[in-house]
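# Notes for the structure review
Single-letter residue listing:
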Amino acid sequence: MDTSQQAITADGDRLSLRPDGTPIRVLVVDDEPSLAELLASVLRYEGWDIRTAGDGSSAVRTAREFQPDAVVLDVMLPDFSGLEVLRRVRAEQPHVCVLFLTARDAVEDRVAGITAGGDDYVTKPFSLEEVLARLRGLLRRAGVARARAGTELTVADLAMDEDAREVRRGGEPIELTATEFELLRFLMRNPRRVLSKAQILDRVWNYDFGGQAHVVELYISYLRKKIDAGREPLIHTVRGVGYVLKPAS
């Protein structure tokens, strides 16, 4: 089993599904292969069924075959625009959710996407967590997704309620910033799995953060002060590799 599948399996009982119990389907359309694959891997981590396309023609063809619940759609594509992809896909699937990606900041571009029928947009460069949050919101509002039973992650005496965004250790509440919460969530969704600094950067921070691994070290130190201070340590350093969350014993 590859590492991405391990992550999905480890968190398999806490992810969103269609009302019929099958995984949410998302089509990612972007002509930058590295970005498309990064987005796809992060969305697969959520337990969703993902397909990718690199141009408008293949996007329309894949949407027809795959019948996605949502499309993450780059506005600028090599053959025709994301707006045209939206028009063609919506002609056959009028209720599909569409989240536009655009490198342009101009208000008229955003307005054009929404006017054409897009449900939401994010502007590059974006954080992966923002894309996830926007997609979850769209799917929830559209009535497509339902949560699997149980939204609490636990490792030893550390517990996280993902919906309430609450963390406790040994029953004691722990206050975390938004970034600390996302970092801890990533660690808790992958217990006993060593995560590299690059993996953590890709998942918690911007996809093009620039490889500034020191920010990971800094936030790991923040978490340790809040999670492990005066207790048996749960966050462990694997020198030369990364970090792992696991019971001390």
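Residues numbered from 1 in each chain as written. Predicted model: local features only at pLDDT ≥ 70, side-chain atom pairs only at ≥ 80, totals over all residues. Heavy atoms only, no water.

Next up on the list: the environment of Pro-191. The topology assignment puts Pro-191 in the loop between α7 (178–189) and β12 (195–196). Pro-191 sits in the partly exposed class, given a relative accessible area of 35%. In the structure, Pro-191 is positioned 43 residues away from Leu-234 in sequence and 9.9 Å away in space, judged by C-alpha atoms. Residue contacts for Pro-191: discarding those within four places in its chain leaves Val-155 and Leu-245. (Helix = DSSP H or I, 4+ residues; strand = E, 2+ residues; numbered from the N terminus. Buried < 20%, exposed > 50% of the residue type's maximum accessible area, 1.4 Å probe, protein only. Contact = heavy atoms within 4.5 Å.)

Following the criterion strictly, the structure yields two aromatic pairs and no others. A centroid spacing of 5.8 Å and a plane angle of 75° characterise the contact between Tyr-45 and Phe-186, whose relative ring orientation is edge-to-face. Residue Tyr-45 is found in helix α2 (residues 33–45), and its partner Phe-186 is found in helix α7; the two are separated by 141 residues along the sequence. Exposure class is identical for Tyr-45 and Phe-186. Each is buried. Summarising the aromatic geometry, the rings of Tyr-219 and Tyr-222 are spaced 5.1 Å apart at their centres and angled 75° between planes, so their arrangement reads as edge-to-face. Placement of the pair is Tyr-219 and Tyr-222 together in helix α9 (residues 214–227), with a separation of three residues, close to one helical turn. Geometry around Phe-80 places Arg-88 over its ring, the cationic atom sitting 4.2 Å from the centre. (Phe/Tyr/Trp six-rings, centres within 6.5 Å; stacked < 30°, edge-to-face > 60°. Lys NZ or Arg CZ within 6 Å of the ring centre and 35° of its normal.)

Core analysis: the largest hydrophobic core is formed by 29 residues, its most contacted members being Val-167, Leu-184 and Ile-200. Listing elements by their share of this core, those giving two or more residues are β8 (152–155), β9 (158–161), α7, α8 (197–204), α9 and β14 (242–245). Dropping the residues within four chain positions of it, Leu-184 is found in contact with Leu-158, Met-160, Val-167, Leu-176, Leu-223 and Ile-227. Core analysis: the next-biggest nonpolar cluster, separate from the first, contains 26 residues, Val-28, Ala-36, Leu-128 and Leu-139 among them. (Core = buried A, V, L, I, M, F, W, Y, C linked by side-chain atoms within 4.5 Å.)

Moving on, we come to the pattern of salt bridges. On inspection of all chains with the given rule, the structure shows 22 salt bridges. Of the charged contacts in the structure, one is a salt bridge between Glu-32 and Lys-124, with a shortest N-O distance of 3.2 Å. Taken together, the residues span a long stretch of sequence, with Glu-32 in the loop between β2 (25–29) and α2 and Lys-124 in the loop between β6 (120–123) and α6 (128–141) at a distance of 92 residues. Among the residues examined, Glu-32 registers a relative accessible area of 34% and is labelled partly exposed. Among the ionic pairs, Asp-49 bridges to Arg-51, the shortest N-O distance being 2.8 Å. For Asp-49, a relative accessible area of 27% translates into the label partly exposed. Taking relative accessible area as the criterion, Arg-51 reaches 37% and is therefore assigned partly exposed. Each of Glu-46, Glu-129, Arg-136, Glu-162, Arg-165, Glu-182, Arg-185 and Arg-189 takes part in a single network of salt bridges with overlapping partners. (Salt bridge = Lys/Arg side-chain N within 4 Å of Asp/Glu carboxyl O.)

With respect to topology, four strands assemble into an open sheet ordered β8-β9-β10-β11, the strand pairing being antiparallel. Among the strands making up the open sheet, the edge pair consists of β8 and β11 (172–174). Strand-to-strand twist across the sheet, computed as the mean angle between neighbouring axes with direction ignored, equals 25°. Where β8 and β9 come together, four bridges link them in antiparallel fashion. Across the sheet, residue Leu-153 finds its bridge partner in β9, namely Met-160. The strands touched by α7 within the sheet are β8, β9 and β10 (166–169), with β9 carrying the most contacts at an inclination of about 115°. (Pairing = 2+ DSSP bridges. Axes fitted to C-alpha atoms, helices over the stretch in contact; angles between N-to-C directions.)

Let's shift gears to the confidence of the model for the protein chain. Across the protein chain, pLDDT averages 82, with 82% of residues at or above 70. Mean pLDDT values over the elements of the protein chain span from 34, in helix α1 (residues 3–10), up to 97, in helix α3 (residues 56–66). With pLDDT under 50 throughout, residues 1–15 is counted as low confidence; its partners more than four residues away or in other chains account for 30 contacts. (pLDDT = per-residue confidence, 0-100.)

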